[in-house]
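# Structural overview
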Amino acid sequence: MAEGQQGVSSMPLPPMQYVSLYTDENIRRGRAPKPPPPIKDNYNMFGVTFHADDQIVRPLEDQGLRRLYPHNYDHRRELKKLNHSIVINFLDLLDILIKLPDSPKRTEKMDDLTLLFIHIHHLINEFRPHQARETLRVMMEVQKRQRLDTAERFRKHLEHVRERLQTCFQSLPDDVSLDSKLLIKTEPMETSDDMSSSSHVVSLMRGTKRELEDNGEEESIPSLQDQMMCDIIEGL
Amino acid sequence: MADRLTQLQDCVNQLADHLCNAVGILQQFAPSGSFTGFEKTASKQPAVTNEENAALFAQLIARTAKDIDVLIDSLPNEDSSPELQLASLCRLEEENQEAARQLEEVVQQGETLLTQIQQALHDIAQTQLDSQALQSAQL
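Source: prediction; values computed, not measured.

## Let's talk about the overall build of chain A
Each helix and strand in chain A was counted, giving eight helices and two strands. Ordered by position from the N terminus, the helices and strands of chain A form the series α-α-β-β-α-α-α-α-α-α. Across the 236 residues in chain A, those meeting the buried criterion constitute 21%. Residue pairs in contact within chain A that sit at least 24 positions apart in sequence constitute 58% of those at least 6 positions apart. When the accessible surface of chain A is split by element, carbon and sulfur atoms take 57% of a total near 18100 Å².

This is the structure we're talking about:
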């Protein structure tokens, strides 16, 4: 992206002597070099030494710096003491600058200030894992509440649906008799969308079908379907 | 609005900035000291008087330090130790799984009901077709 067409690029060139080993031939023959193994112990990157076995978030302050607080400490109290120490040390620094600016005390004082600031940041960083766990806890609580809410609402909907089905069944006319051939001749039922009447038709037709089958008139059923097809086509 | 730890870090950095700036500005704009006996150059007044500058910086530094104190106070104390947190995390995990199981159960019930209704509707449509056929056979 830094170069336009074939202009001067600010990126370093790819390592051709490495890339050229990955030809298709080599891969097929299995002679391409394997990926580098993960590094187990310390390594240097851009001049900084990284330790692979660090205690991720909180490496000990004993690596190189003096420790100013006792071993079992209250974070907040130590933070406040550090805060006040910073301001007091600044006053001392100003005094030194006023009286004798070029003395070695000045550098000492500045080192003290540096150390104090590093301590403050270290203590703040020690709170971070705590914060991460709290965030996780809050997220899980929210998730649990959402799940329970959804289950509750779904259950309510189910209840509503069941209730409505019940009322539908109850509103069916209770006088369905199996003497349905008679009923068909006298009451041409038109198919409607009302569930109760269609289920009435269902039960009537089921009775009719049973009677037809009992009388052994199965061969009339295909012709009935033919009739139906004719009706539909005539209706078009 | 960043979280408390980030705010605290920003305040601490701001305090460091104020300290450096205070020393730098006061030193830069200080009128040159007069040697006794050399009265040649008249001392010119700085644009903004140094007392105001000094007072301003002192106020800023004090205010930032106070802010840091307040923020430190707002941090949680050591009661919720890591063990407690881990225990509550485990408990929440179990409760979450329980809630998931309930949700799944309810959804299962809903699905069976749905298939039943679909079956009933299918039957109704089928017999409607058959009734149409019988009707046309009657006519």
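## Re the overall build of chain B
A count of helices and strands for chain B gives three helices and zero strands. The order of α-helices and β-strands along chain B, N terminus first, is α-α-α. Evaluated residue by residue, chain B yields a buried proportion of 26% over its 139 residues. Here the contacts in chain B between residues at least 6 apart in sequence split such that 86% fall between residues at least 24 apart. Per element, the accessible surface of chain B, about 9500 Å² overall, is 56% carbon and sulfur.

## A word on the pattern of salt bridges
Tallied over the full model, the rule gives twelve salt bridges over all chains. Between K80(A) and D73(B) there is a salt bridge, and its shortest N-O distance comes to 2.7 Å. With one member in each of two chains, K80(A) in helix α3 (residues 75-99) and D73(B) in helix α2 (residues 50-73) form a pair that bridges those chains. Taking relative accessible area as the criterion, D73(B) reaches 44% and is therefore assigned partly exposed. Put simply, R155(A) and E152(A) hold a salt bridge, and the shortest N to O gap is 3.2 Å. One end of the pair is R155(A) and the other is E152(A), both in helix α5 (residues 128-170) and three residues apart, which spans about a single turn.

## Examining the packing of α3(A) against helix α1 (residues 4-28) of chain B
At a closest axis distance of 12 Å, the pairing of α3(A) and α1(B) adopts a crossing angle of 10°. The orientation of α3(A) relative to α1(B) falls into the category roughly parallel. For the pair formed by α3(A) and α1(B), the contact residues are N83(A), I86(A), F90(A), L94(A) and L97(A) on the first element and L15(B), L19(B), A22(B) and V23(B) on the second. Within the contact of α3(A) with α1(B), the residues separate by chemical class into eight nonpolar, one polar and no charged.

## Considerations on the interface of chain B and chain A
Opposite the 57 residues of chain B that make contact, chain A presents 58 residues. It is L5(B), Q85(B) and N96(B) in chain B that bury the most area against chain A; as a group they hold 11% of the surface buried on that side. Run the count over chain B and chain A and you get 20 residue pairs in polar contact (both at pLDDT 80 or more). When contributions to the side of chain B that touches chain A are tallied by element, the ones reaching two or more residues are α1, α2 and α3 (82-138) of chain B. Grouping the constituent residues of the side of chain B that touches chain A by class yields 30 nonpolar, 19 polar and eight charged.

## Some words on the layout of surface pockets
Sizing a probe to match a water molecule and rolling it over the atoms shows the empty space that remains. For the largest pocket, the calculated volume is near 400 Å³. Taken together, 16 residues line the largest pocket, and the ones lying closest to its centre are F90(A), L94(A), A22(B), V23(B) and L26(B). If one sorts the elements of the lining of the largest pocket by residue count, α3(A) sits on top with six residues. Its residues assigned to classes, the lining of the largest pocket comprises 15 nonpolar, one polar and no charged.

## Here we look at the confidence of the model for chain B
Scored by pLDDT, chain B comes out at a mean of 86, with 89% of its residues at no less than 70. The ipTM value of the predicted complex is 0.70, and its pTM value is 0.60.

## Examining the nonpolar core
Counting residues in each nonpolar core, the largest one holds 27 residues, and the members touching the most others are L79(A), I86(A), I120(A), I124(A), L8(B) and I68(B). Those elements that provide at least two residues to this core are α3 and α4 (104-126) of chain A together with α1 and α2 of chain B. The element that contributes the greatest number of residues to this core is α1(B), accounting for seven residues. The contacts of L8(B), once residues within four sequence positions are left out, are I124(A), I68(B), L71(B), I72(B) and L75(B).

## Details of the confidence of the model for chain A
Residue and element names in this part refer to chain A. Averaged over all residues, the pLDDT of chain A equals 73, while 67% of them reach at least 70. Below a pLDDT of 50 lies the segment residues 178-203, which in the model reaches 40 contacts outside its immediate sequence neighbourhood of four places, other chains included. Counted against residues more than four places away or in other chains, residues 211-221, with its pLDDT under 50, gives seven contacts.

## Points about the side chain of D69(B)
Mapping D69(B) onto the fold places it in helix α2. Buried within the structure, D69(B) lacks any salt-bridge partner; its nearest side chain of opposite charge belongs to K80(A), at an N-O separation of 5.4 Å. In this view, D69(B) contacts K80(A), N83(A) and H84(A); residues no more than four positions away in its chain are not counted.

Here is what the cut-offs are and how they apply
Residues numbered from 1 in each chain as written. Chains lettered and ligands numbered in written order. Predicted model: local features only at pLDDT ≥ 70, side-chain atom pairs only at ≥ 80, totals over all residues. Heavy atoms only, no water. Helix = DSSP H or I, 4+ residues; strand = E, 2+ residues; numbered from the N terminus. Buried < 20%, exposed > 50% of the residue type's maximum accessible area, 1.4 Å probe, protein only. Contact = heavy atoms within 4.5 Å. Areas by Shrake-Rupley, 256 points an atom, 1.4 Å probe, with all protein chains shown as cover. Salt bridge = Lys/Arg side-chain N within 4 Å of Asp/Glu carboxyl O. Axes fitted to C-alpha atoms, helices over the stretch in contact; angles between N-to-C directions. Parallel < 35°, antiparallel > 145°, perpendicular 65-115°, else oblique. Nonpolar A, V, L, I, M, F, W, Y, C, P; charged D, E, K, R; others polar. Buried area = accessible area lost by both parts, 1.4 Å probe. Polar contact = N/O pair within 3.5 Å; in protein donor to acceptor, adjacent residues only side chain to side chain. 1 Å grid on protein atoms, 1.4 Å probe; cavity = no way out; pocket = protein on both sides within 12 Å on 5 of 7 lines; lining within 4 Å. Points joined across faces, edges and corners; volume = space filled by probe spheres on them. pLDDT = per-residue confidence, 0-100. Core = buried A, V, L, I, M, F, W, Y, C linked by side-chain atoms within 4.5 Å. Lys, Arg positive; Asp, Glu negative; His and termini not counted.

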